[in-house]
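Breakdown of the fold
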Amino acid sequence: MPLRDVPLAHGVTRKVGHAAPDVQATRSCPMRGHEPTLGTMTSPAKPRPPFPGIPAIVDGSEAVAHVESRLAEVACVYPITPSTTMAAVYQVAVADGRTDLWGTPLRFIEPESEHSSASAAEGAALAGARVTNFTAGQGLVLMKEVLYVISGKRLPVVFHVGARALTSQALNIHAGHDDMMAVADCGWGMLFARNAQEAADLAAIARRAAEASETPFMVAQDGFLTTHTLENALLPEDELLREFVGDPRDHIRDLFDPAEALMTGVVQNQDSYMKGRIGQRAYTDRLPAILAEAYAEWERLTGRQYGPVDAYRTEDAREVIVSMGTMADTSIAVVDHLRAQGRPVGCVAVTQFRPFPSEELVAVLHGARAVGVIERTDDPLAAANPLTREVQSALYGMAAEGGLVPRVLSISAGLGSRDVAAGDLVAIFDRLSEHREPRDRHVVVGIRHPLALTTVPVDLRPEGAYSLRGHSIGGFGSVTTNKLVATLAGELFGKQVQAYPRYGSEKKGLPTTYYLTIADAPIRLHAELDRVEFVPLHDVSAFSLGDPLAGLADGGDVFIQSPLADPGAIWESIPASFRAEILARNVRVTALDTVSLARRHAPRAELEVRMQGVALVGVFLRVSPFAERAGLGRDALLEAVRERLGRFFGKRGGAVVDANLEVIGEAYDGLIDVTAVIGAGRPIERSRTEPVLEEATR
């Protein structure tokens, strides 16, 4: 999938942070800013950095591939979900004949397994190449034997992990930190990204630190929740990467150079193995200072701040949540919500899991009364889960000196992408605030279990957010359509967007749910949406399979794909109980026969099914309020859509682009307003001669 670089509307500068400006003084560590605009660019009061970034709407996989297809000469990969897109984008760059930033042609090596891909990476790195790998789950664990070798030989490779739950009682392809924890003892640096922005930035930071310390690094992002979630980001410029990372010939040793003979892979017996093993500390002891220098230089060049931990509103916090990945992003929104109620809470994101930042954590947690450590893993036979053990170990040093330390509560959450909603984090803060010895030292959220906390219903989307929850079938093009709608909303209307799918390992032909939120402020909730304004349905049968109206705001919109043309017949096809609820809640129902529409316009038979989903773009533009607010009429909208369709479908040829545009235009024009025709809803009929869309009356 091609990258989609887009300009920000109205010249707005954006930051990946969240707090109001007056909150800045309460931050415990000057790691990352949290102003309420996208990105981690500088605030208006600061001078513009030399490299502010290229505005784009990408997922975490595309963000990483943007960086690595410019830095890494060789990708050694055996693709595995959910890291596959990173490899695919890099492979497209190879197929296009691209080079790295210093003119070396890119190479892609795909051997017969993940173990072999790690061995290939080892060989390429020994020969002095700048190497990357994209992997996840069982693939990462299968590499473990080679991971020890790569670190022991001091090879500065960077691997990117779509962190995924490991197959245990069952197969799962979704988010979990099991894989990263399984290899945390291999001697690699480990960084965790919270979102697409951090995935891109940490790719460059890890590369610089790896080569300066001759230590391999992994950069993890949550599988699907970041790898497949479309977000606004500021991609690093080519000149920034040239300056920050530098020419590989100047930073990587060629250990196979005949001019500097070296024996590698030797046998060391009792007299020497321990000396070689402990001698590795000469390299690893340098890592904290090298990373600190890399973080500082990245901030100087981009204005985006990073550090071992990112503490948010912890200076006077009594209860603090510690986490990694997307849950740490959601924690910021929850902290702001509870702070508005006067509660002294804070949160800490651990960005740098290896080397573990014990001193930095103690500095931000020493004043807390209770700390909750949330992890996407469960290790019931250990003293505690992995991150919890690290936090407790860090606090032990303070206790040994007679200092008071907070109680530590371990929480398992989000295993296999089990939903972690803002309300789950509120429930954790509620438990932490109990002024008594905890009933349990370990709890869970998100499931029914004796150890489970009860979620607290709360909607923490940015003010004025507009959300969509679509119900479709895998393979019908709905996921691609959701990305297209998100891109249009972000580019045309100058909005923050977050788009992501929910489906199982058997996607094609089975139910798929997709989500989209559009807002003026950063969207930090990486969870299924329980409140939406628009629900498109693949078929009226969705009413028999669940409750499509669940979470739909009163006065919201429902779209139904229907072969019927008569509004009365469409209305009667909806079960009576749902019709009554639709009327009571003033929900507007629209419909269209997208099957026939796609069949009429598909240039090839195999595209008919996928083009049904594309019709939703026209439906969205018609029923959502954004076009009218932006002053864009039908013709202007479709012209803007044409430009973006080329990025998504251009490789299939101009005829396919034109056909998709015709489908979108006909869907926009031919949408049937069911509730308006039967006299029960808000009409969407608008004059075709008006230059702008009339605002839908809610």
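In short, a report on the structure.

Quick notes on the rules
In this numbering scheme, every chain counts its residues from 1 along its sequence in written order. Confidence filtering applies because this is a predicted model: local features only for residues at pLDDT of at least 70, side-chain atom pairs given and counted only at 80 or more, and all residues used for totals across whole chains, interfaces and linings. Where side-chain values are given, they derive from all heavy atoms of the structure, hydrogens and water being excluded. Counting from the N terminus, the helices are DSSP H or I runs at least four residues long and the strands are E runs at least two residues long. Here the globule rule reads 2.2 Å times residues to the power 0.38, and the radius of gyration is calculated from C-alpha atoms. Whether a residue is buried, partly exposed or exposed follows from its accessible area with a 1.4 Å probe, protein chains only, as a fraction of its type maximum: under 20%, in between, or over 50%, in that order. Residue contacts are counted whenever heavy atoms from the two residues lie within 4.5 Å of one another. Calculation of accessible area relied on Shrake-Rupley with a 1.4 Å probe; when residues are assessed, cover is drawn exclusively from the protein chains displayed. Two residue types count as positive, namely Lys and Arg, and two as negative, namely Asp and Glu; His and chain ends fall outside the count. For charged residues, the charge sits on one atom: NZ in Lys, CZ in Arg, CG in Asp, CD in Glu. Working definition: a ring pair exists when centres of Phe, Tyr or Trp rings (six-membered ring for Trp) sit within 6.5 Å. Plane angles under 30 degrees give stacked, over 60 give edge-to-face, the rest tilted. Note on criteria: charge over ring means Lys NZ or Arg CZ within 6 Å of the ring centre, with the direction from the centre no more than 35 degrees off the ring normal. A helix's residues, less one, multiplied by 1.5 Å, set its expected span. Counted as salt bridges are all cases of a side-chain nitrogen of Lys or Arg within 4 Å of a carboxyl oxygen of Asp or Glu. Criterion used throughout: strands pair if DSSP finds at least two bridges between them. Axes here refer to lines fitted to C-alpha atoms; in helices the fit is confined to the stretch in contact. Angles between the N-to-C directions go from 0 to 180 degrees. Crossings are assigned a handedness: left-handed for a near helix turned anticlockwise from the far helix by less than a right angle, right-handed for a clockwise turn. Only Asp, Glu, Lys and Arg are considered charged in this grouping, and only Ala, Val, Leu, Ile, Met, Phe, Trp, Tyr, Cys and Pro are considered nonpolar; every other residue, Gly among them, is considered polar. Here, the term disulfide refers to a pair of cysteine sulfur atoms separated by no more than 2.5 Å. Distance and chemistry together define a polar contact, namely a pair of N or O atoms within 3.5 Å, with one atom able to donate a hydrogen and the other to accept it when in protein, and with adjacent residues in sequence counting only for side-chain atoms on both sides. By nonpolar core we mean a set of buried residues, namely Ala, Val, Leu, Ile, Met, Phe, Trp, Tyr and Cys, connected to one another through side-chain atoms within 4.5 Å.

1. Details of the overall build of the chain
On a plain count of helices and strands, the chain comes out with 26 helices and 24 strands. A compact globule built from 698 residues should have a C-alpha radius of gyration of about 26 Å, and the chain, at 26 Å, falls within 12% of that. Dimensions of the chain, computed from the C-alpha atoms along their principal axes, are close to 90 × 65 × 55 Å. By the burial criterion, 60% of the 698 residues in the chain qualify as buried. Within the chain, contacts between residues separated by at least 24 positions form 78% of all contacts whose residues are at least 6 apart in sequence. With an accessible surface of roughly 26300 Å², the chain has 54% of that area assigned to carbon and sulfur atoms. In the chain, 70 side chains carry a positive charge and 87 a negative one; their mean positions are 2 Å apart.

2. Things to note about the packing of aromatic side chains
For the structure shown, the criterion picks out 13 aromatic pairs. Residues phenylalanine 224 and tyrosine 503 carry aromatic rings whose centres are separated by 5.7 Å and whose planes lie at 85 degrees to one another, so their mutual orientation is edge-to-face. Highlighted residues: phenylalanine 224 in the loop between β9 (217-222) and β10 (230-235) and tyrosine 503 in the loop between β19 (496-502) and β20 (511-519), separated in sequence by 279 residues. No difference in accessibility class separates phenylalanine 224 from tyrosine 503, as the two residues are buried. Arranged with centres 5.9 Å apart and planes meeting at 85 degrees, the rings of phenylalanine 353 and phenylalanine 356 form a pair that is edge-to-face. One exposure class covers both phenylalanine 353 and phenylalanine 356, and it is buried. The rings of Tyr466, Phe493, Phe620 and Phe626 are connected pair by pair, giving a single aromatic cluster. The positively charged end of arginine 622 is found above the aromatic ring belonging to tyrosine 668, 5.3 Å away from the centroid. Above the plane of the ring of phenylalanine 626 lies arginine 629, whose end atom (NZ or CZ) is 5.8 Å from the centre.

3. Some thoughts on helix α12 (residues 287-302)
Helix length check: α12 (16 residues) gives 22 Å between terminal C-alpha atoms against 22 Å at 1.5 Å per residue, within 8%. Each element contacted by the buried residues of α12 is listed here: β8 (189-192), α7 (196-213), β9, α8 (238-245), α11 (281-284) and β14 (352-354). Count one or two residues on from α12 and you reach glycine 303, which has phi positive near 80 degrees.

4. Some points on the pattern of salt bridges
Applying the stated rule across the entire model yields 41 salt bridges. Between lysine 144 and aspartate 185 there is a salt bridge whose closest N-O contact spans 3.3 Å. Of this pair, lysine 144 sits in helix α5 (residues 144-152) while aspartate 185 sits in the loop between α6 (178-182) and β8, placing them 41 residues apart in sequence. Classification of lysine 144 by relative accessible area gives partly exposed; the value is 21%. Residue arginine 389 pairs with aspartate 379 through a salt bridge whose shortest N-O separation is 3.4 Å. You can see arginine 389 sitting in helix α15 (residues 386-400) and its partner aspartate 379 sitting in the loop between β15 (370-375) and α15, a full 10 residues away along the chain. By relative accessible area, which is 33% here, arginine 389 ends up partly exposed. Bridged by salt links that share partners, the residues Asp459, Arg461, Arg531 and Glu533 form one connected network.

5. So, the pairing of strand β11 (residues 309-312)
With burial as the criterion, each face of β11 is covered, one bearing Val309 and Ala311 and the other bearing Asp310 and Tyr312. In the sheet, β11 pairs with strand β13 (residues 345-350) via four bridges, with the strands oriented antiparallel. Residue pairing in the sheet places alanine 311 in a bridge with valine 348 of β13.

6. Remarks on the packing of helix α24 (residues 634-649) against helix α25 (residues 654-670)
Following both chains from N to C, one finds α24 and α25 inclined at 145 degrees, their axes separated by 9 Å at the closest point. Between α24 and α25 lies a crossing of right-handed hand. Residues Arg634, Leu637, Leu638, Val641, Arg642, Leu645, Gly646 and Phe649 of α24 form the contact with α25, whose participating residues are Val656, Val657, Asp658, Asn660, Leu661, Ile664, Gly665, Tyr668 and Asp669. Residue classes in the contact of α24 with α25 are distributed as 10 nonpolar, three polar and four charged.

7. Some words on the sheet that holds strand β22 (residues 552-561)
With mixed pairing, nine strands are arranged side by side in an open sheet as β3-β10-β19-β20-β18-β21-β22-β23-β24. Pairing within the sheet leaves two strands with one partner each, and these edge strands are β3 (54-58) and β24 (672-673). Pairing geometry for β22 and strand β23 (residues 588-592), over five bridges, is parallel. Paired with glutamine 561 across the bridge in β23 is leucine 592.

8. A short note on the state of the cysteines
Throughout this description, disulfide means a covalent bond between two cysteine sulfur atoms. Scanning the entire structure with this criterion turns up zero disulfides. Here cysteine 76 is not cross-linked by a disulfide; its sulfur's nearest cysteine counterpart is in cysteine 186, at 18 Å. On the accessibility criterion, cysteine 76 (0% relative accessible area) is buried.

9. Some points on the sheet that holds strand β12 (residues 319-323)
Ordered by their spatial adjacency, six strands build an open sheet running β11-β13-β12-β15-β16-β17, and the pairing between neighbours is mixed. Two strands bound the open sheet, and with one partner strand each, they are β11 and β17 (442-444). The mean inter-strand angle of the sheet, taken between neighbouring strand axes irrespective of direction, is 20 degrees. Pairing geometry for strand β16 (residues 407-412) and β17, over three bridges, is parallel. Within β17, the residue paired with isoleucine 411 across the bridge is valine 443. Packing of helix α13 (residues 326-339) onto the sheet brings it into contact with β11, β12, β13 and β15, and relative to β13 it is tilted by some 170 degrees. Relative to β15, α15 is tilted by about 150 degrees, and along the sheet it contacts β12, β13, β15 and β16.

10. Considerations on the environment of valine 663
Within the secondary structure layout, valine 663 lies in helix α25. The contact partners of valine 663, leaving out residues within four places of it in the chain, are Leu597, His601, Met611, Val614 and Ala615.

11. Comments concerning the pairing of strand β21 (residues 532-537)
The buried count for β21 comes to six of six residues, which makes it a mostly enclosed element. Bridging between strand β18 (residues 466-473) and β21 involves two bridges; their strand directions are parallel. Residue histidine 471 lies in a different strand from β21, and its bridge partner there is leucine 537.

12. Concerning the side chain of threonine 326
When you line up the elements, threonine 326 lands in helix α13. Classification of threonine 326 as buried rests on a relative accessible area of 1%. Of note is the side chain of threonine 326, whose polar atom sits 2.6 Å from the side chain of aspartate 222. Ignoring any residue separated from it by four or fewer positions in sequence, one finds threonine 326 in contact with Arg194, Asp222, Leu225, Thr226, Arg376 and His526.

13. Quick word on the nonpolar core
Of all hydrophobic cores here, the largest spans 53 residues; its most connected members are Phe159, Met180, Met218, Val322 and Leu365. Other than its neighbours up to four places away in sequence, phenylalanine 159 contacts Ala118, Ala121, Thr132, Asn133, Met143, Leu147, Ile150, Trp188, Phe217, Met218 and Val219. With 52 residues, the next largest nonpolar core counts Phe559, Leu621, Ala627 and Leu671 among its residues.

14. Remarks on unusual backbone geometry
Residues threonine 81 and proline 82 are joined by a peptide bond in cis, for which omega reads 5 degrees. Counting through the fold element by element, proline 82 comes out in the loop between β4 (74-76) and α2 (84-95). With an omega of -5 degrees, the peptide bond between arginine 354 and proline 355 qualifies as cis. Its identity is not glycine, yet serine 417 carries a phi of approximately 65 degrees, on the positive side. Residue position: serine 417 is located in the loop between β16 and α16 (422-432).

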